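# A look at the structure
Next come the chains, spelled out residue by residue.
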Amino acid sequence: MLRELGPALAGLYDEAPTVVLGPVSRGSLVGALTAAALRVGFVEMRKQDGSAVDSDRWVRRTTAPDYQDRHVVFGFRRQLIRSGDRVLMVDDWIDTGATARVARALVEDCGARWIGAACVVDGLTDPRLRHDLPVRSLLDVRQL
Ligand SMILES: O=P(O)(O)OC[C@H]1O[C@H](OP(=O)(O)OP(=O)(O)O)[C@H](O)[C@@H]1O
Ligand SMILES: Nc1ncnc2[nH]cnc12
């Protein structure tokens, strides 16, 4: 099952990414599997409490209320995503889309191209985001 997840998520979009971005913690697992399948680098999008104290520049943004009504501060080292990159976000589950929307904003802050959000389960509460982000998934929540 784990062996098949990366290739399955990697096949959801035609455009070839140069970087996969995965939010901690479940997004890191499926994101790393996808990056390995695509043979590209992986960047972990960390919650503020997980970011190291260092001298590097970070990009950070705060989500709108997520599925647990939390405003989460996410970020990563600025140098990890460059202006020529094409970035695919990968996650296990999408619900409000707050995490994915912050990921897209951070990618745009770096001047990189956003491809979309590839998820294992699509549980979007606002179906418009499926087109707007865009979101592609392996399963719809109603199939579970
Ligand atoms: O669409 P949204 O409402 O933003 O929700 C989706 C996010 O919520 C879950 O992560 P969670 O915050 O539970 O963290 P975890 O992976 O560490 O369990 C899931 O893995 C997504 O990253
Ligand atoms: N409804 C949900 N159940 C499990 N994980 C989730 N991640 C985001 N929304 C979720």
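Residues numbered from 1 in each chain as written. Chains lettered and ligands numbered in written order. Predicted model: local features only at pLDDT ≥ 70, side-chain atom pairs only at ≥ 80, totals over all residues.

Going by what an unreviewed UniProt entry lists, the protein is known as Adenine phosphoribosyltransferase and is assigned to Kribbella shirazensis. Recorded in UniProt for the protein, the comment headed Sequence similarities (unreviewed entry) runs: "Belongs to the purine/pyrimidine phosphoribosyltransferase family." (UniProt positions renumbered as here; feature names shortened; annotations may be inferred.)

Structurally, the position occupied by Val19 is in strand S1 (residues 19-23). A count of 22 C-beta atoms within 10 Å places Val19 in the buried class. Along the chain, Val19 and Ala36 lie 17 residues apart, while their C-alpha atoms are 11 Å from each other. Excluding anything up to four places from it in sequence, Val19 contacts Val40, Gly41, Val43, Ile81, Asp85 and Val87. (Helix = DSSP H or I, 4+ residues; strand = E, 2+ residues; numbered from the N terminus. Buried ≥ 20, exposed ≤ 12 C-beta atoms within 10 Å, placed from the backbone. Contact = placed C-beta atoms within 7 Å.)

For the rest of this paragraph, the subject is the sheet that holds S1. The sheet built from 7 strands is open, its strands ordered S3-S4-S2-S1-S5-S6-S7 with mixed pairing. The sheet is open, and its two edges are formed by strand S3 (58-62) and strand S7 (135-140), each paired on a single side. Averaged over all adjacent pairs, the angle separating strand axes in this sheet is 25°, with direction ignored. Strands S1, strand S2 (41-47), strand S5 (86-94) and strand S6 (113-122) of the sheet are contacted by helix H2 (residues 26-38), whose axis makes an angle of about 165° with S1. Helix H3 (residues 98-109) rests against S1, S2, S3, strand S4 (73-77), S5, S6 and S7 of the sheet, and its axis sits at about 165° to S5. (Pairing = 2+ DSSP bridges. Axes fitted to C-alpha atoms, helices over the stretch in contact; angles between N-to-C directions.)

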